[in-house]
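The lines below spell out each chain.
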Amino acid sequence: MFTLIKREIRDHIVYFIGAAVLSAIFIIVSIFVINQIGSSQRSGYSDVDSGMFSVGVGVPTVAIVIIGFCGLGTSQMYLDRTRKISAFLSTLAVSRGRILLARIITGILVILILLVPLTITAATLLRLYAPPVLIYHGMVFEIFTVAFLMAFSCYCIGLQTGWNSGKVAPTLGGIALACIFIPLILIKGFGLQIVVILVLFIIASLIRIRHTFLTTSL
């Protein structure tokens, strides 16, 4: 299993690098915005410019994240079909289930590389700068949970669409489906309802992915 995961990491190292870079961008933007808000409050000026800056940087970055995770799942499945990777590995007495599991673990590692440093930074900044009345225990964990489930949902969409023939069209279709989840967060927030919706979607997607991967001819 460890060898399979290493192979997946080596084949998709660009996504690991991209996740680390995006995480660093989010962290820098968060620190900048917090400092600007603090300066504005001390000087008595409005922090509208800081908010506009964060939206201007954050929205495109979120779009890149959605595209990236869909692209990762699509790329894994597309390369498998075009290069006959699973067919080759099957000759080495490796089950399809382990190949798929190694693939999913790799996707989870990419998500964690993006989210964990950002979550630690957010928790630290809130503890240092946010007034206690504006935060409550577990808020950062709730946001991290929803963000992780959202990212994993996008990744699952990529795994499903990537098994189709072609590469560009399935990726665009997966991105369109992933964008549906954004309004759900705006409507439901980061509460239990959105968690349940995303978990059910992930479970259904994994069942379908496993069935397709195990039954389709290599």
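Given the structure is predicted, the values throughout are model-derived calculations rather than measurements.

1. Some thoughts on the nonpolar core
With 36 residues, the main nonpolar core has Phe69, Met77, Ile111, Leu114 and Phe152 as its most contacted residues. Counting only elements with at least two residues in this core, the list comes to α2 (13-43), α3 (48-83), α5 (96-129), α6 (139-162) and α9 (192-215). Element by element, the count of residues in this core is highest for α6, at 10 residues. Here Phe69 is in contact with Val110, Ile111, Leu114, Ala151, Cys154 and Tyr155, once residues within four sequence places are set aside.

2. Overview of the pattern of salt bridges
Counted according to the given criterion, the structure contains three salt bridges. For Arg7, the salt bridge is made with Asp11, and the minimal N-O distance between the two is 2.9 Å. With Arg7 and Asp11 both in helix α1 (residues 2-11), this residue pair falls four residues apart, about one helical turn. A relative accessible area of 32% places Asp11 in the partly exposed class.

3. Here's the deal with the confidence of the model for the chain
Taken over all residues, the pLDDT of the chain has a mean of 75, while the share at 70 or more is 68%. Here helix α7 (residues 168-179) stands out as the element of the chain with the lowest mean pLDDT, 62, in contrast to α9, whose mean of 88 is the highest.

4. Digging into the state of the cysteines
Formally, a disulfide is one covalent bond, and it connects the sulfur atom of one cysteine to the sulfur atom of another. Applying the stated criterion across every chain yields a total of zero disulfides. In this structure Cys70 is a free cysteine whose sulfur lies 4.8 Å from that of Cys154, the closest cysteine sulfur available.

5. Some details on a nonpolar patch on the surface
On the surface, a cluster of nonpolar side chains totalling about 420 Å² of accessible area is made up of Ile13, Val14, Ile17, Val21 and Ile25. With respect to the helices and strands, the residue Val14 is situated in helix α2.

6. Details of the packing of α1 against α5
Each pair of packed helices can be described by the angle between their axes along with the distance between the axes. Interaxial distance between α1 and α5 falls to 9 Å at its minimum, and their mutual angle equals 50 degrees. The angle between α1 and α5 places the two elements in the oblique class. Relative to α5, the crossing made by α1 is right-handed. Across from Leu4, Ile5, Arg7, Glu8 and Ile9 in α1, the residues of α5 making contact are Arg98, Ile99, Ala102, Arg103, Ile105, Thr106 and Leu109. Class assignment of the residues belonging to the contact of α1 with α5 gives a composition of seven nonpolar, one polar and four charged.

7. Re the packing of aromatic side chains
Counted according to the given criterion, the structure contains three aromatic pairs. Between the aromatic rings of Phe148 and Phe152, the centroid separation amounts to 6.1 Å while the plane-to-plane angle is 5 degrees, which identifies the pairing as stacked. One end of the pair is Phe148 and the other is Phe152, both in helix α6 and four residues apart, which spans about a single turn. For the pair Phe148 and Phe152, a shared accessibility class is recorded, and that class is buried. These aromatic residues form a ring-pair network of at least three members: Phe144, Phe148, Phe152 and Tyr155.

8. Things to note about α6
The end-to-end C-alpha separation of α6 is 35 Å, in line with the 34 Å expected for 24 residues at 1.5 Å each. Counted residue by residue, α6 has 19 buried out of 24 residues, so it is predominantly covered.

9. Observations regarding the side chain of Ser205
Note on placement: Ser205 falls in helix α9. Among the residues examined, Ser205 registers a relative accessible area of 3% and is labelled buried. Not counting residues up to four positions away in its chain, the partners in contact with Ser205 are Cys156 and Gln160.

Quick notes on the rules
Numbering of residues starts from 1 in each chain and follows the order in which that chain's sequence is written. In view of the model being predicted, local features appear only for residues whose pLDDT reaches at least 70, and side-chain atom pairs are presented and counted only at 80 or more, with totals across whole chains, interfaces and linings using the full set of residues. Excluded from the side-chain calculation are hydrogens and water; included are all heavy atoms of the structure. By nonpolar core we mean a set of buried residues, namely Ala, Val, Leu, Ile, Met, Phe, Trp, Tyr and Cys, connected to one another through side-chain atoms within 4.5 Å. The classification of residues rests on relative accessible area computed with a 1.4 Å probe and restricted to protein chains. Under 20% of the type maximum is buried, over 50% is exposed, and intermediate values are partly exposed. A run of H or I in DSSP becomes a helix once it reaches four residues, and a run of E becomes a strand once it reaches two; helices and strands are each numbered from the N terminus. Contacts are assigned to residue pairs with any non-hydrogen atoms lying within 4.5 Å of each other. Any Lys or Arg side-chain nitrogen located within 4 Å of an Asp or Glu carboxyl oxygen qualifies as a salt bridge. Each residue carries a pLDDT value, the predictor's own confidence for that position, ranging from 0 to 100. Note on disulfides: each one is a pair of cysteine sulfur atoms within 2.5 Å. Surface patches are defined over residues having more than 30% relative accessible area and no salt bridge, joining like charges when they lie within 9 Å and nonpolar side chains (Val, Leu, Ile, Met, Phe, Trp, Tyr) when within 5 Å. All accessible areas in this document rest on Shrake-Rupley with a 1.4 Å probe, and a residue is counted as covered only by the protein chains that are shown. The angle between two axes is taken between their N-to-C directions and runs from 0 to 180 degrees, where each axis is a line fitted to C-alpha atoms and a helix contributes only its stretch in contact. In what follows, roughly perpendicular refers to angles from 65 to 115 degrees, roughly parallel to angles under 35, roughly antiparallel to angles over 145, and oblique to any angle outside these ranges. Here a crossing is called left-handed whenever its near helix is offset anticlockwise from the far helix by less than a right angle, and right-handed whenever the offset is clockwise. Each residue gets one label: Ala, Val, Leu, Ile, Met, Phe, Trp, Tyr, Cys and Pro are nonpolar, Asp, Glu, Lys and Arg are charged, and the others, such as Gly, are polar. Think of it this way: a Phe, Tyr or Trp ring, Trp meaning its six-membered ring, pairs with another when their centres are within 6.5 Å, and the plane angle makes it stacked under 30 degrees, edge-to-face over 60, tilted otherwise. The span you would expect from a helix comes to 1.5 Å times its residue count less one.

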